[in-house]
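Remarks on the overall topology
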Amino acid sequence: MERCAARPAAEEERRVRANAREYNEKFQYASNCIKTSKYNIVTFLPVNLFEQFQEVANTYFLFLLILQLIPQISSLSWFTTIVPLVLVLTITAVKDATDDYFRHKSDNQVNNRQSQVLIGGVLRQEQWMNVRVGDIIKLENNQFVAQADLLLLSSSEPHGLCYIETAELDGETNMKVRQAIPVTVELGDTSQLAHFDGEVICEPPNNKLDKFGGTLYWKENKYPLSNQNMLLRGCVLRNTEWCFGLVIFAGPDTKLMQNSGRTKFKRTSIDRLMNTLVLWIFGFLVCMGVILAIGNAIWEHEVGVCFQIYLPWDEGVHSAFFSGFLSFWSYIIILNTVVPISLYVSVEVIRLGHSYFINWDKKMYCAKRRTPAEARTTTLNEELGQVEYIFSDKTGTLTQNIMVFSKCSVNGHSYGEVQDMLSHKAELGERSKPVDFSFNPLADPRFQFWDPSLLEAVKLGDLHVHEFFRLLSLCHTVMSEEKSEGELLYKAQSPDEGALVTAARNFGFVFRSRTPKTITVQELGQAVTYQLLAILDFNNIRKRMSVIVRSPEGKIRLYCKGADTILLERLHPVNQDLSSITADHLNEYAGEGLRTLVLAYKDLEESYYRDWSERLHRAGSAPEAREDHLARLYDEVEHDMMLLGATAIEDKLQQGVPETIAILTLANIKIWVLTGDKQETAVNIGYSCKMLTDDMTEVFVVTGHTVLEVREELRKAREKMMDASRSVCNGFSYQKKLSSKLTSVLEAIAGEYALVINGHSLAHALEADMEVEFLETACACKAVICCRVTPLQKAQVVELVKKYKKAVTLAIGDGANDVSMIKTAHIGVGISGQEGIQAVLASDYSFSQFKFLQRLLLVHGRWSYLRMCKFLCYFFYKNFAFTMVHFWFGFFCGFSAQTVYDQYFITLYNIVYTSLPVLAMGVFDQDVPEQRSMEYPKLYEPGQLNLLFNKREFFICIAQGIYTSILMFFIPYGIFADATRDDGAQLANYQSFAVTVATSLVIVVSVQIGLDTGFWTAINHFFIWGSLAAYFAILFTMHSDGLFRMFPNQFRFVGNAQSTLAQPTVWLTIALTTVVCIMPVVAFRFLKLDLKPELSDTVRYTQLVRKKQKAQHRCMRHAGRVGSRRSGYAFSHQEGFGELIMSGKNMRLSSLALSSFAPRPSTSWIESLRRKKGSEGSGAGSPGCAADKTLRI
């Protein structure tokens, strides 16, 4: 693979010359080469070993190995340390090599993607990694701009226009327009582009997605460049056959990658705790070594000097003090097993097993996309069981990016609600066949509607219904293209408009074509051409758009659609009754989470229109305050309108989103939505997915543009929450300095609140002097929605919660704009969507649907946390029980660093005798089945509170291990003092005592893990009883005649095991030791289960009681809307398309000629909308009689 170019020093400006690689290469700009791998064949061994010895534990054991090579201080053979060390290093190296192989494979796959690059005047298929700054690239329709940030040179559309979708950048699904500068528009073929040698001088790489500044120098002229001329990496080319672009920024210099943030090394809280505990254990080990060394010095000074004749000091030892010094290092070697090297490799093996369980989970497999869940890291599994905050993108994560015309209200009659034979609402599975549109040859076959009464009204000639669909077919900025006979292709700037125009099309009002001055509609088979007099464009302040048309009869009429909160105030007083009825319908639609618009019209007198049109022309030419003049004129004409009805569009959520959010909320997980989309759209989705409900006490909307405004709005929100809960909290104390976990009385308030904040307000709220106020206000709310946020702001919000709340965070998204927060959060989850893989590549876990998050956390995450905690508790217990016996023995062997066990037992204890049973428990254990984990979300809370493994639990395990070691040593020691063999000989000897203690230890820890195991499998049985069998087999083998004959110097205790274990006294000793060690544990657990059971205990008991009963599944039904009304308005449209249409810049010559023609059969609409599965009906928007529950601060 070609090496990636080195990064140059920081740029002050960028110079790029087209078709001049040699010129551009002297600046050493970043290339598109991706390199995430760390090793190659030559560097793997040295680099990997260097990295492994960065781990303190590995360095520590290497130090012990060196100590064991010193004869004066080592009482153990060197292989007791080198065997486990080499095993751990080998396993880790194999794992790292496997991971790096897949990184190499992924790099090659990405780098070898093909791009069409203009080289030597010919378009060539070039590997992605070979694309350079200054190259000219060709893109085609629906192609993902994955290579670089491009300066648009020319396109297939008139005037160098092209349409892009930026969902990967800002979460918005509406199309945007980009335009080439006029001087390059004609460079439409490769021969002309090959001679293009313009030079661009522009800003250096930065993360500002909405800004670009530069200048093109060509043919001794200069042309200004702006963001409107740029195609950024991450966008998708739509409705444009082809375009050419000049590479300005490549690879890491692209604006998208500049927003992605740095990749951070992620470690779990258990990892951090484990490192702390290992340091404590090391300190404890040093203390034990010091105690025993002092004991050795005192013993040698007081007693040892008396035995110098037959127990002389070793060579070089001339004093009791120096003997104690050497004894200290000897005991450090002997007692080192309190920090076993196998701990780290065991943890990695368990995590690897958990990762495979996620990968193999068929219930997280999406058959439609053939996409399984994937654990892209093996180090974070247990942290999935501790998540407290979820930060979710909206577009593509919660929603499907599909808009469906669902219901409508026309002249006070609601359509779209399908009823069964008993006049009850029919559920989705009970519905009859969708409406048959076969009468209409131009109908879109993908469009579905379930209420036949609306089509009947059209056929019966209901004038209101006709006018309703006439408005939908005229009042829009959609472009129509007929590529072949009868094949209509709609180019909609927003999916909302596409859904509305398609609905009108299917009900017989087919938008066919437009010119700058006309719109042609085929109304129930007859072509009608309307003169387009004006487009009153949409913007976020007006929240409405209008068209003024002249019918063939000469009548001038204004058609308007917009937000209910705006339009209902502009109706003629005669609409009061109809407005009230429509308001009820809007109330119902908004309650179902549908996006609503109100439709109205107004007839204009010819004289009035002429006067108004003249004033409009003057306002449009005004040198100053043009927008204000136009807004006043628009406002003037859009009054006293007649209400037609309302539409209700379903922004289709991904399957199972409301249920998943409800379950995760019950698990005490807070969900924040961070989206680049508009406020209205985000709030609407919040209601659809039940994050926001009408039962909430209040929804605060923060929209301030200055620091003071934002601070005041946050203060008012806090005051309202405090005023509502004075009975719970007395006053509010604000702490300026918070170094630990943020606590606030606000989090205990009564009532449910939600916070909605815009991106410009969030920028102020995230400033250092206000971030804590914002966080306190947000954390007091049940739901938080941040709109119009940049990718970096998403990461800043996540970082803020991590900084002050000290809680485990999870970020989930599907687009490149989510990469930054995915990298910042403790756990990043990527949704493998239809477009792009940036989020997946940056994530720790990936799957195809949001609903799988529920299973990932409540099943896999909870089990992983439970298993890891039980594993660690048992591991520390068994090693303290094993090692502390040496400590007690030191007081009875003259502190001589003599070991209780033989060196082979010490070597094999953590590798063979006790490794597999604890691994089986760590991989397979469960407290309750997966169904109960989903059914009882409260089972998730122990992980959030870190109850199963913390410093307290650690000390309990250590205390139990020390207690076991005391009994393990002193019970055999006391019994052996006076015990005799069957032949009357003294039983007590060093070898028999060692075998008895070792056998007792293996049996006790095996029984203990049997008690700790909550879910028995065949593997658990095999490993536990197999390990016991392996112990006895190895024990008898090492004490056999055969090994003694082969290795007489290594296996000197021939026949000792057989002789010792043949004595009944020994077995009674082992049995007594086991009972005394285990019974207190059994008694404690029995009393705890009876007196203070945990929720998991109660669930298990319930499961046993109801074993023969079927699980009762709760069905989540849509509750009727109660209380005051909110607006369901949401419209993902962008300002500027009306002016573009009226100018004719986006129209081909063939379109201009299509002002009238004979009817022809047609099909289809924009390709993305064809994927929709169906809808429930047609619907409406709403009036504003009752108070809006959304507080506009």
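A brief report on the enclosed structure follows. (Residues numbered from 1 in each chain as written. Predicted model: local features only at pLDDT ≥ 70, side-chain atom pairs only at ≥ 80, totals over all residues. Heavy atoms only, no water.)

Let's talk about the side chain of histidine 764
Locating histidine 764 in the fold gives a position in helix H21 (residues 759-765). In terms of polar contacts, histidine 764 uses its side chain to reach the backbone carbonyl oxygen of histidine 705, at 3.0 Å. Not counting chain neighbours up to four residues away, the residues in contact with histidine 764 comprise His705, Thr706, Val707, Val710 and Met770. (Helix = DSSP H or I, 4+ residues; strand = E, 2+ residues; numbered from the N terminus. Polar contact = N/O pair within 3.5 Å; in protein donor to acceptor, adjacent residues only side chain to side chain. Contact = heavy atoms within 4.5 Å.)

With respect to the nonpolar core
Ranked by internal contacts, the top residues of the largest apolar core, which has 99 residues, are Leu343, Phe871, Leu872, Tyr901, Phe905, Phe949 and Leu1001. Here the element with the most residues in this core is helix H26 (residues 852-890); it accounts for 18 residues. Beyond its immediate chain neighbours, meaning those up to four positions away, phenylalanine 949 contacts Leu273, Leu277, Tyr865, Cys869, Leu872, Cys873, Phe876 and Phe954. Phe449, Val521, Tyr530 and Val547 belong to the second largest nonpolar core, which has 53 residues in total. (Core = buried A, V, L, I, M, F, W, Y, C linked by side-chain atoms within 4.5 Å. Buried < 20%, exposed > 50% of the residue type's maximum accessible area, 1.4 Å probe, protein only.)

Description of the packing of H26 against helix H27 (residues 903-913)
Orientation of H26 relative to H27, taken along the N-to-C sense of each, is 170°, at an axis distance of 12 Å. Accordingly, the angle class assigned to the pair H26 and H27 is roughly antiparallel. Where H26 approaches H27, its residues Phe875, Lys878, Asn879, Phe882 and His886 are matched on the opposing element by Phe905, Ile906, Tyr909 and Asn910. Broken down by class, the residue content of the contact of H26 with H27 amounts to five nonpolar, three polar and one charged. (Axes fitted to C-alpha atoms, helices over the stretch in contact; angles between N-to-C directions. Parallel < 35°, antiparallel > 145°, perpendicular 65-115°, else oblique. Nonpolar A, V, L, I, M, F, W, Y, C, P; charged D, E, K, R; others polar.)

Some points on the packing of aromatic side chains
The tally for this structure, following the rule as stated, stands at 60 aromatic pairs. For the pair phenylalanine 322 and phenylalanine 325, a centre-to-centre distance of 6.0 Å together with 25° between the ring planes defines the contact as stacked. Of this pair, phenylalanine 322 and phenylalanine 325 both sit in helix H9 (residues 320-334), three residues apart, which is roughly one turn of the helix. You can call phenylalanine 322 partly exposed: its relative accessible area is 31%. You can call phenylalanine 325 partly exposed: its relative accessible area is 41%. Ring centres of tyrosine 901 and phenylalanine 905 lie 5.0 Å apart, and the angle between their planes is 40°; on these two criteria the pair is classed as tilted. Site record: aromatic cluster; members linked through ring pairs are Phe887, Trp888, Phe889, Phe891, Phe892, Phe895, Phe969, Phe970, Tyr973, Phe976 and Phe993. In this structure, arginine 17 is placed above the aromatic ring of tyrosine 23, and the distance from its NZ or CZ to the ring centre is 3.9 Å. When the ring centre of tryptophan 218 is taken as reference, the NZ or CZ atom of lysine 219 above it lies at 4.4 Å. (Phe/Tyr/Trp six-rings, centres within 6.5 Å; stacked < 30°, edge-to-face > 60°. Lys NZ or Arg CZ within 6 Å of the ring centre and 35° of its normal.)

Regarding helix H32 (residues 990-1012)
Taking 1.5 Å of rise per residue, 23 residues should cover 33 Å, and H32 covers 33 Å from first to last C-alpha, within 8% of that figure. Of all 23 residues making up H32, 19 are buried, and the element is well covered by its neighbours. Where H32 begins, the side chain of asparagine 989 points an oxygen toward the backbone nitrogen of glutamine 991, at a separation of 3.2 Å. (Expected span 1.5 Å × (residues − 1).)

Some details on the pairing of strand E24 (residues 556-562)
Counted residue by residue, E24 has seven buried out of seven residues, so it is predominantly covered. The side-chain alternation of E24 yields two buried faces, one formed by Ile556, Leu558, Cys560 and Gly562 and the other by Arg557, Tyr559 and Lys561. With seven bridges joining them, strand E23 (residues 544-550) and E24 adopt antiparallel strand pairing. Bridge assignment links isoleucine 548 to a residue of E24, and that residue is leucine 558. Between E23 and E24, which pair antiparallel in sequence order, lie five residues; one of them, glycine 554, sits at a positive phi of approximately 95°. Relative to strand E25 (residues 595-604), E24 runs antiparallel, the two being bridged by seven bridges. The partner of arginine 557 across the bridge, within E25, is aspartate 603. (Pairing = 2+ DSSP bridges.)

Some remarks on the environment of glutamate 659
Among the structural elements, glutamate 659 can be located in helix H18 (residues 657-666). Remark: the alpha-carbon pair of glutamate 659 and cysteine 689, spanning 30 residues in sequence, is separated by 8.0 Å.

What about the sheet that holds strand E1 (residues 14-17)?
Read across the sheet, four strands follow the order E1-E8-E9-E10 without closing on themselves; strand pairing throughout is antiparallel. The open sheet has two edge strands, E1 and strand E10 (221-225), and neither has a second partner. Each strand of the sheet is rotated relative to its neighbour by a mean of 20°, with strand direction disregarded. Taken together, the five bridges between strand E9 (residues 214-218) and E10 define a ladder with antiparallel strand orientation. Looking across to E10, one finds that tryptophan 218 is bridged to asparagine 221.

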